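Coordinate inspection notes
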Amino acid sequence: MQQLYAPVLQLEHLTKEIIELTFRSSYLAETIRPGQFLNIRVDNNFPLLRRPFSVYNVQRDTISIAFNIVGLGSSILAKKHIGDSLDIIGPCGNSFDQFIDGDYDTAILIAGGIGVAPFPLLTASLLSKKNIVTFLGGRTKELLVPNHLSNVKFATDDGSEGMKGTVLDLLKKDLAENNYGKIRFFSCGPSRMMKAVGDFAKELGVLCYASVETSMACGIGICQGCNIETTTGDRKYKLVCCEGTIFETQTIKLT
Amino acid sequence: MQQLYAPVLQLEHLTKEIIELTFRSSYLAETIRPGQFLNIRVDNNFPLLRRPFSVYNVQRDTISIAFNIVGLGSSILAKKHIGDSLDIIGPCGNSFDQFIDGDYDTAILIAGGIGVAPFPLLTASLLSKKNIVTFLGGRTKELLVPNHLSNVKFATDDGSEGMKGTVLDLLKKDLAENNYGKIRFFSCGPSRMMKAVGDFAKELGVLCYASVETSMACGIGICQGCNIETTTGDRKYKLVCCEGTIFETQTIKLT
Amino acid sequence: MNESFTLGSVTFKNRILTASGTFGYGNENPDLVDVSKLGGIITKSLSWKPRDGNPNPRITETPSGMLNSIGLANIGVHKFISEKLPKLKILDTKIIANIAASSVKEYGDVLELLEQQEGIHAYEINVSCPNVKEGGLNFGNDSKQVAVITKELRKKTTRPLVIKLTPNVTHISEFARVCESEGADAISVINTVIGMAVNINTRKPKIATATGGLSGPAIKPIALAKVFECVHAVKIPVIGIGGIMTWEDAVEFFIVGASMIQTGTANFINPSTGISIAEGIKMYCVKNSLNDVGTLIGTLETDKNVSVISSWL
Amino acid sequence: MNESFTLGSVTFKNRILTASGTFGYGNENPDLVDVSKLGGIITKSLSWKPRDGNPNPRITETPSGMLNSIGLANIGVHKFISEKLPKLKILDTKIIANIAASSVKEYGDVLELLEQQEGIHAYEINVSCPNVKEGGLNFGNDSKQVAVITKELRKKTTRPLVIKLTPNVTHISEFARVCESEGADAISVINTVIGMAVNINTRKPKIATATGGLSGPAIKPIALAKVFECVHAVKIPVIGIGGIMTWEDAVEFFIVGASMIQTGTANFINPSTGISIAEGIKMYCVKNSLNDVGTLIGTLETDKNVSVISSWL
Ligand SMILES: Cc1cc2nc3c(=O)[nH]c(=O)nc-3n(C[C@H](O)[C@H](O)[C@H](O)COP(=O)(O)OP(=O)(O)OC[C@H]3O[C@@H](n4cnc5c(N)ncnc54)[C@H](O)[C@@H]3O)c2cc1C
Ligand SMILES: Cc1cc2nc3c(=O)[nH]c(=O)nc-3n(C[C@H](O)[C@H](O)[C@H](O)COP(=O)(O)OP(=O)(O)OC[C@H]3O[C@@H](n4cnc5c(N)ncnc54)[C@H](O)[C@@H]3O)c2cc1C
Ligand SMILES: Cc1cc2nc3c(=O)[nH]c(=O)nc-3n(C[C@H](O)[C@H](O)[C@H](O)COP(=O)(O)O)c2cc1C
Ligand SMILES: Cc1cc2nc3c(=O)[nH]c(=O)nc-3n(C[C@H](O)[C@H](O)[C@H](O)COP(=O)(O)O)c2cc1C
Ligand code: FES
Ligand code: FES
């Protein structure tokens, strides 16, 4: 993990609502693992805290994040100029690496909205090893980003793309219709979605790994601000930024 | 006085250290009087307070300020892009108008560094009425901006332009060598300089008007933060933002 | 949609006031603010005699805040009555006179004089003042003194009497209770927080009096916590103040339990903040199908085991 | 240029420490921070038994600050000694153990256990903890309790004993004096300021415990004022904390009179803040021809008539 300054190379709208910000850092490009995040200082003074973003893509010595504008920090990022320098701490968090091997045939990737961010790298890691089916859900099609994914199926609340309904509806319907052999779930998105997916996985008796979001002050394990309640083990809480962000959903309490 | 949003039209370096920022506002261009200032919010959240700047120039429906980078606010202004919108309250403060008529022949303008900012408009108002001699002083020539002025003489601490020495040295020397008839002083710059100029004016028995700077919270007379001690009248302090910024130097305590 | 709020005999058209000392005497900038859209205006603190105030510099900026030490510079209550009040009377909003003093007697004298005037709708008492009898110790730091002031002033008026509390005390709820039991109609929470800043080049304090009052967004969390403590201690209305810049900020105070709010430092940055806030709140209520802003007040949802007193941090 | 500072028997290589709870147990991020360039590291508060801490959310951002309510989650002093201390011992910096407890006895027990360990150079006592015997009232809000804690702990150690004071009291100088007279070697000023924030969509507090501790640049002016009050009240060294992000901030605290400083929230944003500060101070001293950082301490120039107690604001 390092703190470094990376120059912005490109800022591109993937959809009307989702922006990809690419910058150069050979250190990050080399060390990052699927599912890890970067903790970015969006401006020098204000807002005070860094903002965590999953790594979306890596190409040679460049690395990108994908985000939508939800508040001040993301809107400042969206206004960066080519050549501006980003103050980054990373790579942070655990990765999907330790969870992709195992006794299953097909990896089922389930994303809600911008929760898709870690999936391009996960897909790249899985491709040579497992079959992949990817389910993307969102309010509307402007929140769906199918780039660098494999075998993508869509659900939107407003029916503007794919099935009208939630990604869970789509997932259930699809699994009922298809036989993917032994499966394992990987999910990322709103907490409630991940909880529902985890509960469904439990019903099915399959392992389900979710990348969890909490508010974070440090992102590097020193503030204890990012706790999540556990269901197993002797500790009531774990720290999302360093013991996660990826957990097997049965081991944590999603709400 | 209004609060308005004006689009940035141009950002230009007048010298290595001094920047002119031009924006469009026909309201301000029409109403502004020489010596008045604008109170500008440089960014939405941070810094919190507005920053006061004298109006430097007016052309048709455009208006400009000139400044050097001294801290966060000015450095944010220096990074504005064409089309960005500036949140401005103005015009603020009194103006030179009430002090330019009177029984004298030559207006002696004395500026230290960026204190020159209000002088182009003052010069324009004086031109048809009085003779003008302008004395500009600064650390180095990068702080001297002789544009839109009349009859300019220079002094620099490092001798890089004009006389080596202070603007007061230059003024004294020049007045000893020339006869400008009846004179009146107008000064703007660091407080110590204006004090020295005021003291010299007193010796000579001429009126001296100075545009005073203090820290300001509101710029519109409601916070009482911008007080300056008086030497005359029944009130111990006056408010610089609304009773000034321009005072006859014998009536206030400059330090 | 009902935006009004009634305190004692006075009905304010909405719950937004301008804080004392941050809006002049109320009529300085008619071009910038249409005060008829505000619930009321609170005057600069008025003392018996005019006060020159403190030497300069009186203000400095801090991260998301500012420090001030104006020294309660004001024209004095007599000049206020003769010069300012006539202009305030004709405004279509409520006028709250804020009173500052250095003795209990002075508080009483100022109020008595104002009591004889029409056009003053309520009083707010600034108790964050040095008590000359106690060697300059702040009235507002001593609940006994606050009790005496409240009691004395209550005798002299039937107009709404609001005591403005300082946050610079261990348990503000103690002060809130004292005000309630001595008959105050409401409390204003909070005045500025004591703070300081230093110029490292001159090695002098950035404001002449060394310490001053911190205000602005930086103190909003502190103000919310103090309002929270007070609304759990008393039944009289609490007027929330501290760092309110937007309608969202105001709604936070309402949810915690403030019945009205004041904008202070925000007026320096956007003189019409109060109006934007009133509009924002209206929109929020419409969106949330609330037909009275009052239904928002005190709707905070907390866990049962949350303590107002103290918790492990 | 001398940067060192001696407190009792311990000499710190410079006057920069990391604040408790903001640097883990001290060895978490060796890649990001070379701790040998710091005067010392203060551990997360240690209690007798491990503490799970508070439910989430535990933190939220505020203007130029953050609120936290971690609930003093910590691994407990036993596990600290067995698992963390061996790794801290080999670091080339001083280790200060911060202690939190819910009874005077617990403070004593934790300190006694640590007293038997090598590699602990000093203690900092976090008195901002609920006292179970007093129904959860905060020890740190009661100068008598702070006196008892200081007295009891003083008996048990000759290592430097530092009491960390809370700013949430009317007169912090009263607490400073009590610490001094009961034999503390220094006081740390300040812990976090009580604050609150509300999510207006859910109408829930933004942190689970409703109120939490405010830290970061927003509180720097408050911290400076509290340090100012303390340095005028006691002769023992005052360690300044609160919103220090840059070396300029640190110099402000030194000028006001702090003998050392701690960086807290800043570590979350730039883990190596302490090192940048140490370097900046060195440059400032060279530029100002100071051959000892100590010559900066308490060099504030104030007008004769500036009062530490109270002034007209
Ligand atoms: C490990 C991790 C990885 C993430 N990866 C991505 C990503 O790849 N793309 C992406 O668009 N977003 C991602 N997020 C969420 C992203 O960090 C927040 O959207 C961002 O911090 C919001 O900042 P802001 O200043 O724009 O919004 P703010 O003004 O801070 O907040 C706007 C809204 O977002 C919520 N919010 C703020 N910070 C967080 C946070 N850390 N976690 C959850 N909610 C928050 C607030 O409560 C508020 O409702 C990730 C979060 C985490 C913890
Ligand atoms: C009426 C008026 C007119 C002005 N006109 C001009 C102008 O035309 N061109 C120009 O370059 N500057 C002008 N100034 C000064 C300008 O307002 C400050 O330089 C600016 O506010 C600094 O902001 P900052 O954020 O860049 O610096 P900060 O980081 O706020 O401060 C940097 C340094 O400048 C000092 N400073 C900050 N604000 C003020 C202030 N209001 N008055 C005096 N010193 C201050 C600080 O004490 C500090 O030493 C004027 C000031 C006033 C009061
Ligand atoms: C410049 C200034 C002057 C003030 N003057 C007074 C005053 O005269 N009387 C008073 O009761 N409060 C005074 N206050 C305090 C404000 O009314 C308000 O309580 C405080 O600033 C917190 O609110 P804010 O954060 O919205 O500014 C003053 C505040 C400022 C910033
Ligand atoms: C997340 C967090 C955890 C903290 N934990 C502790 C703690 O365990 N013990 C303690 O004495 N202080 C604790 N503090 C207080 C800090 O040590 C420090 O006093 C305070 O944050 C003010 O400094 P700052 O503004 O530089 O952060 C904590 C602060 C934060 C922000
Ligand atoms: S965010 Fe600080 S410990 Fe996880
Ligand atoms: S700056 Fe507010 S009164 Fe002058």
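Shown above is the structure to which this text applies.
Presented here is an overview of the structure given in this document. (Residues numbered from 1 in each chain as written. Chains lettered and ligands numbered in written order. Predicted model: local features only at pLDDT ≥ 70, side-chain atom pairs only at ≥ 80, totals over all residues. Heavy atoms only, no water.)

**Description of the site of ligand 4**
Near ligand 4 lie 25 residues; those nearest to it are S20, S45, K164, G243 and T265 of chain D. Residue neighbours of ligand 4 fall on chains A and D, so the site bridges chains. Between S45 of chain D and ligand 4, the recorded distance is 2.7 Å, taken from a side-chain N or O atom to a nitrogen atom. For ligand 4, an oxygen atom lies 3.1 Å from a polar atom in the backbone of G264 of chain D. Among the residues making up the shell around ligand 4, the classes are represented as 8 nonpolar, 15 polar and 2 charged. (Near = heavy atom within 4 Å. Polar contact = N/O pair within 3.5 Å; in protein donor to acceptor, adjacent residues only side chain to side chain. Nonpolar A, V, L, I, M, F, W, Y, C, P; charged D, E, K, R; others polar.)

**Digging into the interface of chain C and chain D**
With 71 residues of chain C in contact, the opposing surface of chain D contributes 71 residues. The contact between chain C and chain D buries some 5,700 Å² in all, and 65% of this surface belongs to carbon and sulfur atoms. Interface area lost by chain C to chain D is led by R203, W312 and L313 of chain C, which between them contribute 18%. Here chain C and chain D share 0 salt bridges between them. One can count 12 residue pairs in polar contact (both at pLDDT 80 or more) joining chain C with chain D. (Contact = heavy atoms within 4.5 Å. Buried area = accessible area lost by both parts, 1.4 Å probe. Salt bridge = Lys/Arg side-chain N within 4 Å of Asp/Glu carboxyl O.)

**Notes on the nonpolar core**
Grouped together as the largest cluster of nonpolar side chains are 275 residues, with contacts concentrated most on F185 of chain A, F185 of chain B, I187 of chain C together with L114 and I187 of chain D. In this structure I187 of chain D touches V162, I163, L165, A176, C179, C230, V234, I236, P237, V238 and I239 of chain D, once residues within four positions along its chain are discounted. (Core = buried A, V, L, I, M, F, W, Y, C linked by side-chain atoms within 4.5 Å. Buried < 20%, exposed > 50% of the residue type's maximum accessible area, 1.4 Å probe, protein only.)

**A short note on the relation of the copies chain C and chain D**
When chain C is brought onto chain D, the operation consists of a screw motion whose angular component is 180 degrees and whose axial shift is 0.0 Å, with 0.0 Å RMSD remaining. Such a combination of rotation and displacement between the chain copies is what one expects of a two-fold axis. Comparing interface residues between copies, 100% of those in chain C also lie at the interface in chain D; the contact surface is shared. (Least-squares fit on C-alpha atoms with pLDDT ≥ 70 in both.)

**Section: the sheet that holds strand β13 (residues 193-196) of chain D**
All names here are of chain D. The strand order across the open sheet formed by 4 strands is β5-β6-β16-β13, and the pairing between neighbours is antiparallel. Of all the strands in the sheet, just β5 (59-62) and β13 have a single pairing partner and so form its edges. Averaged over all adjacent pairs, the angle separating strand axes in this sheet is 40 degrees, with direction ignored. One ladder, built from 3 bridges, connects strand β6 (residues 65-68) with strand β16 (residues 211-215); its direction is antiparallel. Residue pairing across strands places M66 opposite S215, the latter belonging to β16. (Pairing = 2+ DSSP bridges. Helix = DSSP H or I, 4+ residues; strand = E, 2+ residues; numbered from the N terminus. Axes fitted to C-alpha atoms, helices over the stretch in contact; angles between N-to-C directions.)

Purely spatial values, then, with no claim about function.
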